[in-house]
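Read off the chains here:
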Amino acid sequence: MSKPKVFISREIFPEAIEMVRKVADTDLWPEETPAPRDVLLSKVSGVDGLLCLLTDKIDSELMEIAGPRLKVISQIAVGYENIDVKAATKRGIPVGYTPGVLTHATADFTFTLMLAAGRRLIDGTNFVKAGKWRTWHPLHFLGKEIYGSTLGLIGLGRIGLEVAKRATGFQMNILYHDIVRRRDLEEQYSLTYVDRDTILKQSDFLSLHVNLNPETYHLISEKEFSIMKSTAVLVNAARGPVIDPNALYWALKNGEIAAAGLDVTEPEPIPDDDPLLTLDNCIIAPHIASASIEARQEMSRIAAQNLVNGLQGEKLVECVNPEVYAKT
Ligand code: DGY
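Residues numbered from 1 in each chain as written. Predicted model: local features only at pLDDT ≥ 70, side-chain atom pairs only at ≥ 80, totals over all residues. Heavy atoms only, no water.

1. Focus on the packing of helix H1 (residues 14-21) against helix H12 (residues 293-311)
Turning to step 1, where the next piece is worked out: At their nearest, the axes of H1 and H12 sit 8 Å apart, and the two run at 10 degrees to each other. Here H1 lies roughly parallel to H12, going by the angle between them. Residues Glu15, Ala16, Met19 and Val20 of H1 lie in contact with H12, whose contacting residues are Gln297, Ser300, Arg301, Ala304, Gln305, Leu307 and Val308. (Axes fitted to C-alpha atoms, helices over the stretch in contact; angles between N-to-C directions. Helix = DSSP H or I, 4+ residues; strand = E, 2+ residues; numbered from the N terminus. Parallel < 35°, antiparallel > 145°, perpendicular 65-115°, else oblique. Contact = heavy atoms within 4.5 Å.)

Spelled out as structure tokens, the structure:
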């Protein structure tokens, strides 16, 4: 019997590719950048399984072109706003994702951004590398101390909570706002639930941990910046479009807030001529919060396992739309 056919849209850890190769004829996109849309569509035509990334648009057109053999879509990420999950569910196709295993990496990186943006690490490093360091100066590169300051978390899911746990080590005063109040966690982690205006008004460090959806699109824009402290540091390791980039530029340029640490941008990758790139008080990483070796290895393994399970008609280990199983 011939093996099922799969397309893997980018290199992942080799052990994970091996897991897939054992059970399927595997076509792997070898380039560093995503396959152009027309190539992606031709690659998925007639496949039984697809392992994809958040840079691939997986919509109903693609599923239509893939055809009736498509049994599983496995995304190597916890976010999946690039996938039309409704369309997959309608076709009875389970969609896999990789939650949990990148929580610590992302929480660690959120702190990396808070510390680096707050204490002007990149700005200072660039100063040294440009050969401008001539003396120790009491007023050079002053930044915001993290110890004992107020942290505002917008979104208290898995990652938000891990950031809160780390913040207790810095004796931070932790505020949070979410659509669901987590009374069960408040006492244990010394969390204070506040409304949106209060979190904006009181946070020294404001960190975003929400999904991207129509409600969170440009959640932080002109009005929000006008409420924030002029000394505040804004951190985003969630999704770029949660912040309005034009309003952010204005706020950073005009001292409405002190600094920003971004792992994600709108759009991605950020264009070379984006004005945010001209600002010393804005640090920008290329969407690498989950890029610890441990997290990416586990993400690769779970994505491969989801794909294999889907091909073999078994339940996915991590499934976005488990309702597909209820239908059968
Ligand atoms: C995700 O998993 O959604 C991250 O943004 C990339 O790891």
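2. Quick word on the nonpolar core
Turning to step 1, where the next piece is worked out: Membership of the largest hydrophobic core comes to 52 residues, with the highest contact counts inside it found for Met114, Leu151, Leu153, Met172, Ile174 and Leu191.
Turning to step 2, where the next piece is worked out: Those elements that provide at least two residues to this core are strand S1 (5-8), H1, helix H5 (103-118), strand S6 (150-154), helix H7 (158-169), strand S7 (173-177), strand S10 (233-236) and H12.
Turning to step 3, where the next piece is worked out: Setting aside residues no more than four positions away along its own chain, Met172 makes contact with Phe111, Met114, Ile146, Gly148, Ser149, Leu151, Ala167 and Phe205.
Turning to step 4, where the next piece is worked out: Formed by 27 residues, the second largest nonpolar core is a distinct cluster that contains Ile154, Val210, Ala247 and Leu248. (Core = buried A, V, L, I, M, F, W, Y, C linked by side-chain atoms within 4.5 Å. Buried < 20%, exposed > 50% of the residue type's maximum accessible area, 1.4 Å probe, protein only.)

3. What to know about the site of the ligand
Turning to step 1, where the next piece is worked out: Close to the ligand lie Leu54, Ala77, Val78, Gly79, Leu102, Arg239, His287, Ser290 and Met299.
Turning to step 2, where the next piece is worked out: Note that an oxygen atom of the ligand is positioned 2.7 Å from one of the side-chain N or O atoms of Arg239.
Turning to step 3, where the next piece is worked out: Here an oxygen atom of the ligand sits 2.6 Å away from a polar atom, N or O, in the side chain of His287.
Turning to step 4, where the next piece is worked out: For the ligand, whose unbound accessible area comes to 230 Å², protein coverage reaches 89%.
Turning to step 5, where the next piece is worked out: Class assignment for the residues of the shell around the ligand results in five nonpolar, three polar and one charged. (Near = heavy atom within 4 Å. Polar contact = N/O pair within 3.5 Å; in protein donor to acceptor, adjacent residues only side chain to side chain. Areas by Shrake-Rupley, 256 points an atom, 1.4 Å probe, with all protein chains shown as cover. Nonpolar A, V, L, I, M, F, W, Y, C, P; charged D, E, K, R; others polar.)

4. Quick word on H12
Turning to step 1, where the next piece is worked out: If you check H12, its first and last C-alpha atoms are 27 Å apart, about what 19 residues at 1.5 Å a residue would give, namely 27 Å.
Turning to step 2, where the next piece is worked out: When H12 is considered as a whole, its buried residues turn out to be Ala295, Met299, Ser300, Ile302, Ala303, Ala304, Asn306, Leu307, Val308, Asn309, Gly310 and Leu311.
Turning to step 3, where the next piece is worked out: Residues of H12 that are buried in the fold lie against S1, H1, strand S3 (49-52), strand S4 (72-75), strand S5 (95-96) and H5.
Turning to step 4, where the next piece is worked out: The positive-phi residue at the C-terminal boundary of H12 is Gly313, with phi of around 75 degrees. (Expected span 1.5 Å × (residues − 1).)

5. Some details on the side chain of Asp178
Turning to step 1, where the next piece is worked out: Within the element layout of this structure, Asp178 appears in the loop between S7 and helix H8 (183-186).
Turning to step 2, where the next piece is worked out: One buried charged residue, Asp178, remains without a salt bridge, the closest side chain of opposite sign being Arg182 at 6.9 Å.
Turning to step 3, where the next piece is worked out: Sequence-distant contacts of Asp178, defined by excluding residues within four places in its chain, comprise Gly155, Leu156, Gly157 and Tyr193. (Lys, Arg positive; Asp, Glu negative; His and termini not counted. Salt bridge = Lys/Arg side-chain N within 4 Å of Asp/Glu carboxyl O.)

6. A closer look at the state of the cysteines
Turning to step 1, where the next piece is worked out: As enumerated under the stated definition, the model contains zero disulfides in all.
Turning to step 2, where the next piece is worked out: Unpaired in this structure, Cys52 has its nearest cysteine sulfur neighbour in Cys319, at a distance of 13 Å. (Disulfide = S-S within 2.5 Å.)

7. Observations regarding the sheet that holds S7
Turning to step 1, where the next piece is worked out: Taken in spatial order, the seven strands of this open sheet run S8-S7-S6-S9-S10-S11-S12, and their pairing is parallel. Here the strands that pair on one side only, and so sit at the sheet edges, are strand S8 (191-193) and strand S12 (282-284). Direction aside, the axes of adjacent strands within the sheet are offset by 20 degrees on average.
Turning to step 2, where the next piece is worked out: Sheet topology note: the S10/strand S11 (residues 259-262) ladder contains four bridges and is parallel. By the bridge assignment for S11, Leu234 is matched with Ala260.
Turning to step 3, where the next piece is worked out: This element, H5, spans S6, strand S9 (205-208), S10, S11 and S12 of the sheet and lies at about 150 degrees to S10. (Pairing = 2+ DSSP bridges.)

8. Comments concerning the pairing of S3
Turning to step 1, where the next piece is worked out: Neither face of S3 is exposed, since Gly49 and Leu51 on one face and Leu50 and Cys52 on the opposite face are all buried.
Turning to step 2, where the next piece is worked out: The sheet contact formed by S1 and S3 spans three bridges and is parallel. Note on S3: the bridge partner recorded for Val6 is Gly49.
Turning to step 3, where the next piece is worked out: Bridge analysis of S3 against S4 gives four bridges, and the strand direction is parallel. Each residue of the ladder has a partner; that of Leu50, found in S4, is Ile73.
Turning to step 4, where the next piece is worked out: In the classification by handedness, the crossover that spans S3, the intervening helix H3 (residues 60-66) and the parallel S4 is right-handed. (Right-handed = clockwise from strand over helix to strand, strands pointing away.)

9. Thoughts on the sheet that holds S5
Turning to step 1, where the next piece is worked out: Spatially, five strands are ordered S2-S1-S3-S4-S5 in an open sheet, and the strand pairing comes out parallel. Looking at which strands have only one partner, the edges of the open sheet turn out to be strand S2 (25-28) and S5.
Turning to step 2, where the next piece is worked out: Along the sheet face, H1 touches S1 and S2 and points at about 140 degrees away from the line of S2.
Turning to step 3, where the next piece is worked out: Most of the contacts of H12 go to S4, to which it runs at about 175 degrees, and overall it touches S1, S3, S4 and S5.

10. Details of the packing of aromatic side chains
Turning to step 1, where the next piece is worked out: One pass over the structure, following the stated rule, counts four aromatic pairs.
Turning to step 2, where the next piece is worked out: Note on Tyr176 and Tyr193: the rings are 5.2 Å apart at their centroids and 70 degrees apart in plane angle, and the pair reads as edge-to-face. With Tyr176 in strand S7 and Tyr193 in strand S8, this pair connects stretches of sequence that are 17 residues apart.
Turning to step 3, where the next piece is worked out: Judged by relative accessible area, which is 0%, Tyr176 ranks as buried. (Phe/Tyr/Trp six-rings, centres within 6.5 Å; stacked < 30°, edge-to-face > 60°.)

So far we have only geometry, and geometry alone does not tell us how the molecule works.
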